[in-house]
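Per-entry structural report
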Number of protein chains: 2
Amino acid sequence: MKIAILAGGSGTRLWPRSRSRRPKQFLDLAIPNQSLLQETVERIRPLVSVEDVLIVTSRDFVRQTARQLPDVPKANILGEPYGRGSAPAIGWAAATIMRRWGNETMVSLHADHHIARPDLLRQALVAAARVAAQGHIVTLGVVPPRPHTGLGHVQRGQLLGQFDGFSAFTIARFVEKPDYERARQYTDSGEYYWNTGMFVWQTQTILQEIDAYMPQLSAALAALQATIGTRLERRTVARLWRDLPVQQIDYGVMEHTRIGAVIPVEGLGWNDVGDWDSLADIRKADEHGNIIAAEFEGIDTSGCIIIGSGRRLIGTIGLKDMVVVATDDAVLVCPRRRDQEVRSLVERLRLANKEKYL
Amino acid sequence: MKIAILAGGSGTRLWPRSRSRRPKQFLDLAIPNQSLLQETVERIRPLVSVEDVLIVTSRDFVRQTARQLPDVPKANILGEPYGRGSAPAIGWAAATIMRRWGNETMVSLHADHHIARPDLLRQALVAAARVAAQGHIVTLGVVPPRPHTGLGHVQRGQLLGQFDGFSAFTIARFVEKPDYERARQYTDSGEYYWNTGMFVWQTQTILQEIDAYMPQLSAALAALQATIGTRLERRTVARLWRDLPVQQIDYGVMEHTRIGAVIPVEGLGWNDVGDWDSLADIRKADEHGNIIAAEFEGIDTSGCIIIGSGRRLIGTIGLKDMVVVATDDAVLVCPRRRDQEVRSLVERLRLANKEKYL
């Protein structure tokens, strides 16, 4: 089994901690002193050797990645010259595995998610590998513990069978982020799962599917193939990636493929750490319902998310259900229920030529 | 005319900008790049030479004071070894004036107030000097533009006469900070003025009144008198001040004296800069009613007071009538109407052994 970890994201909704030069995968948002990327690698260590882990990230983040993961071989860190979405990143990783090791079971994970039950994830990945061995492209779906309007969903089709205690189904369809009423119906139906973006397949299978549904990417990968591991690789990627459009594997392959499968997993404690409010599901609240990761002193403060950095003190009076984040050079204050607008705030900073705060 | 400026205060309600080592008189809270202390000196420059200005402050703040006021003679900065309230500070200044220059018109001002109309203040001080020349202890009262529960009030008595266009009255009584209903009655009556703590008297007069009503302080000043300007002064003050109780001139002299007078001043724009909310009366709000002194970007933010420092950015979403203050090592978030509780927050920090943030 070879594992590709996609670590090229940005995470603007977690501003001001997540920054353009240090996005959320490099931050210890879920577990103190362990970045989400490090957490992702720790999670799969019992399954594979670090020699079998590839990290695909931006060229700008290669050094940061290497620093955070000192025992991952440098040759396993693939630095993209341009961010082109998950499909090219996965394609490069698949081509690399194919070239180095031949046809293998390949797992694709995101570097910026938190999982409360890594043991359960590993069991699910082993089961998914068995389904993948039958020629399927397998995604792990999370049985929704509650309605969620911020995530795409996967609807299951027919039962394919039981694998190590997990059920596998064909995929009926992928659906976009639903409104609340629809999300509630999905949760109640028992047929829909959160789309986690975690995949398991055989290298040859995914390359075939890319060839079938994403011909431009397939051609680029074919051109790249012979240069992998040579001095030409970097320059070739730069040339090929420049012309590739941004494409996600979900839309490029998963929505079209006829060999998709979903394995629902319950109680995984999966969280995409997509916004400040999500920390409420990950971190333990104090007796006032506050999530505190800061030097903090509060009067009549409840239900708040208070994040500091360094030795800066955050003092609050009379706050309820607010987010307060302080970094060395920026402070964010906003109600929890409006934390999606952090993205707009970041956009405004960009328009106001305040790039240094991004 | 000699002017004493009291600059020993602390100002905990303006935390986290006002700090134990750099309290509010040293901060540019009202006018950018001019501390309240500097503003106080600038205000009276047209009246007197800086040779005639004494600053009474804590020994700990002498260097800071000298740095902010480079043209004030070092010998004019009196550093108290212990803060003992306004009465000993005024007593030391009065004894110093008496020793250096003899009987003079003396003005006593606070270093941490803002005045929008310094020209009007100077006119009132000149008028007050004429009243003082008749043997009165004169205080300037502010005609209240609105009810204020955070200030003591002075009730006027009989008219003493007109002086350069200002009326002077005897003082009927001093009253403590009123509740709102009472403050409203005071404002409506036209007989009550805000007690500003600005006084004008002749040196001999105030020393006589201290002798009459504050015998312990008077004895200390008598013991100090001969050492003023000598090498013994500092040591003598240290010995005497150690045993003095904390006493304010308002309670120690003004409430007892039979020679008090008040000059009401209208439209002075006087502000004691006592809390964050007070900035709303001093600084101009933007089109959303926000008072901004920071690198700032806000979405749907109105009626807020946003204070930064250095190049730290403050970003807000969906805030109304809040105070957000960020310094290098601390952040405060609280509703404007609860800004009095900042003092309690500071007290909690003290109890929690977080002195470095005070």
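Here the residue numbering is sequential within each chain, running from 1 through the sequence in written order. Think of it this way: whatever chain is written first is A, whatever ligand is written first is 1, and the rest follow in order. Residues qualify for local features only when their pLDDT is at least 70, as the model is predicted, and side-chain atom pairs are given and counted only at 80 or more; totals for whole chains, interfaces and linings, by contrast, use all residues.

Remarks on the packing of helix H3 (residues 86-101) of chain B against helix H7 (residues 215-225) of chain B
Residue and element names in this part refer to chain B. The geometry of H3 relative to H7 is characterised by a closest axis approach of 10 Å and an angle of 35 degrees between their N-to-C directions. In the crossing of H3 with H7, the sense of the turn from one axis to the other is right-handed. Facing H3, whose interface residues are Ala87, Pro88, Gly91, Ala95 and Arg99, H7 presents Leu217, Leu221, Leu224 and Gln225. For the contact of H3 with H7, a count of residues per class yields 6 nonpolar, 2 polar and 1 charged. An axis is simply a line fitted to the C-alpha atoms; with a helix, the fit covers only the stretch in contact. Between two such axes, the angle follows the N-to-C directions and lies from 0 to 180 degrees. We count a stretch as a helix when DSSP gives it H or I for four or more residues in a row; a strand needs E for two or more, and each element gets its number in order from the N terminus. Left-handed describes a crossing whose near helix is turned anticlockwise from the far helix by less than a right angle; the clockwise case is right-handed. Contact between two residues is assigned when their C-beta atoms, built from the backbone, lie within 7 Å. Residue polarity follows a fixed list, in which Ala, Val, Leu, Ile, Met, Phe, Trp, Tyr, Cys and Pro are nonpolar, Asp, Glu, Lys and Arg are charged, and the others, Gly among them, are polar.

A word on the domain arrangement of chain A
Residue and element names in this part refer to chain A. Domain boundaries assigned for chain A yield domain 1 (2-271) and domain 2 (279-357). As used throughout, domain bounds are those supplied by an automatic or database domain assignment. Distance from the C-alpha centre of domain 1 to the C-alpha centre of domain 2: 29 Å. With 9 residues of domain 1 at the contact, the number on the domain 2 side is 15 residues. In the side of domain 1 that touches domain 2, the residues fall into 4 nonpolar, 3 polar and 2 charged.

Some details on the sheet that holds strand S16 (residues 322-326) of chain B
In space, the 6 strands of this open sheet follow the order S13(A)-S15(A)-S17(B)-S16(B)-S14(B)-S12(B), with mixed pairing throughout. Two strands bound the open sheet, and with one partner strand each, they are strand S13 (295-302) of chain A together with strand S12 (291-293) of chain B. Here the strands of the sheet are splayed against their neighbours by 5 degrees on average, with no regard to which way each runs. Two strands qualify as a pair provided DSSP detects at least 2 bridges between them. As paired strands, strand S14 (residues 305-307) of chain B and S16(B) are joined by 3 bridges and run parallel to one another. Each residue of the ladder has a partner; that of Ile306(B), found in S16(B), is Val324(B).

Description of the interface of chain B and chain A
The interface is formed by 31 residues belonging to chain B together with 31 residues belonging to chain A. Among the secondary structure elements, those contributing two or more residues to the side of chain B that touches chain A are strand S13 (295-299), strand S15 (313-317), S16, strand S17 (330-335) and helix H11 (342-351) of chain B. Of the residues contributing to the side of chain B that touches chain A, the split by class is 19 nonpolar, 4 polar and 8 charged. Sheet analysis places strand S17 (residues 330-335) of chain A next to S15(B), joined by 4 bridges and oriented parallel.

Quick look at the sheet that holds strand S14 (residues 305-307) of chain A
Ordered in space as S12(A)-S14(A)-S16(A)-S17(A)-S15(B)-S13(B), the 6 strands form an open sheet in which the pairing is mixed. The open sheet has two edge strands with one neighbour each: strand S12 (291-293) of chain A together with S13 of chain B. Taken pair by pair, the neighbouring strands of this sheet meet at an average axis angle of 5 degrees, ignoring direction. Bridge analysis of S12(A) against S14(A) gives 3 bridges, and the strand direction is parallel. When the bridges of S14(A) are listed, Ile292(A) appears paired with Ile306(A). Contacts between helix H11 (residues 342-351) of chain A and the sheet are confined to S17 of chain A together with S13 and S15 of chain B, with S13(B) contributing the most and set at about 135 degrees to the helix.

Focus: the packing of H3(B) against helix H6 (residues 203-213) of chain B
Residue and element names in this part refer to chain B. Viewed as axis vectors pointing N to C, H3 and H6 meet at an angle of 135 degrees, and their least axial separation amounts to 10 Å. Relative to H6, the element H3 is oriented oblique. The crossing of H3 and H6 is left-handed. On H6, the residues that touch Ile90, Gly91, Ala94, Ile97 and Met98 of H3 are Thr203, Ile206, Leu207 and Ile210. Residue composition of the contact of H3 with H6, grouped by class: 7 nonpolar, 2 polar and no charged. Here the word oblique covers every angle except those under 35 degrees (roughly parallel), over 145 (roughly antiparallel) and from 65 to 115 (roughly perpendicular).

Brief notes about helix H6 (residues 203-213) of chain A
Here H6(A) has its buried residues at Thr203(A), Thr205(A), Ile206(A), Leu207(A), Glu209(A) and Ile210(A). For H6(A), the secondary structure elements touched by its buried residues are helix H3 (86-101), strand S4 (105-110), strand S6 (137-142), strand S9 (192-202), helix H7 (215-225) and helix H9 (249-254) of chain A. Whether a residue is buried, exposed or partly exposed follows from its count of other C-beta atoms within 10 Å of its own C-beta, namely 20 or more, 12 or fewer, or something in between, respectively; the C-beta atoms are built from the backbone.

With respect to the relation of the copies chain B and chain A
Here the copies were fitted onto each other by least squares, based on C-alpha atoms from residues at pLDDT of at least 70 in both. Under the fitted operation, chain B is carried onto chain A by 0.0 Å of movement along the axis and a turn of 180 degrees, and the coordinates agree to an RMSD of 0.0 Å. Both copies of the chain, as the preceding transformation shows, are related through a two-fold rotation axis. The share of interface residues of chain B whose copies in chain A are also at the interface is 100%, consistent with both copies meeting through the same surface.

Side note on the confidence of the model for chain A
pLDDT gives the predictor's per-residue confidence on a scale running from 0 to 100. Counting all residues, the mean pLDDT for chain A is 96, and 100% of those residues have values of 70 or more. Taken over the whole predicted complex, pTM reads 0.90, whereas the ipTM for its chain interfaces reads 0.89.

Description of the pairing of strand S16 (residues 322-326) of chain A
Residues and elements named next belong to chain A. Buried residues dominate S16, accounting for 5 of its 5 residues. Both faces of S16 are covered, namely the face carrying Met322, Val324 and Ala326 and the face carrying Val323 and Val325. Direction of pairing for S16 relative to S17: antiparallel, over a ladder of 5 bridges. Residue Met322 lies in a different strand from S17, and its bridge partner there is Pro335.

Digging into the environment of Val246(B)
Residues and elements named next belong to chain B. Mapped onto the fold, Val246 is located in the loop between helix H8 (232-243) and helix H9 (249-254). Residue classification places Val246 among the exposed residues on the basis of 11 C-beta atoms within 10 Å. With 159 residues separating them along the chain, Val246 and Ala87 place their C-alpha atoms 8.2 Å apart. With sequence-adjacent residues up to four places away left out, Val246 is seen in contact with Arg84 and Gly85.

Things to note about unusual backbone geometry
Residues and elements named next belong to chain A. Of note, the amide linkage connecting Trp15 to Pro16 takes the cis form, showing an omega dihedral of 5 degrees. For Asn33, which is not glycine, the phi dihedral falls at a positive 65 degrees. Mapped onto the fold, Asn33 is located in the loop between strand S1 (2-7) and helix H1 (36-44). If you check the backbone angles, Asp300 has positive phi at about 50 degrees while not being a glycine. Structurally, Asp300 can be placed in strand S13.

Some points on the environment of Ile282(B)
Residues and elements named next belong to chain B. Mapped onto the secondary structure, Ile282 falls in helix H10 (residues 279-282). Exposure remark for Ile282: the 16 C-beta atoms within 10 Å place this residue in the partly exposed category. C-alpha of Ile282 to C-alpha of Ile228: the two residues are 54 residues apart in sequence and 39 Å apart in space. What Ile282 contacts, discounting residues up to four positions off in sequence, is Ala30, His114 and Asn271.

Details of H7(B)
An α-helical turn contains 3.6 residues, so a residue and the one three or four places further along point in the same direction. All names here are of chain B. Taken as a whole, H7 has its buried residues at Leu217, Ala220, Leu221 and Leu224. Down the axis, H7 shows its buried residues gathered within 100 degrees of arc, on one side only. Facing away from the buried surface of H7 by more than 90 degrees, the exposed residues are Pro215, Ala219 and Ala222. Arc definition: directions from the helix axis to the C-beta atoms.

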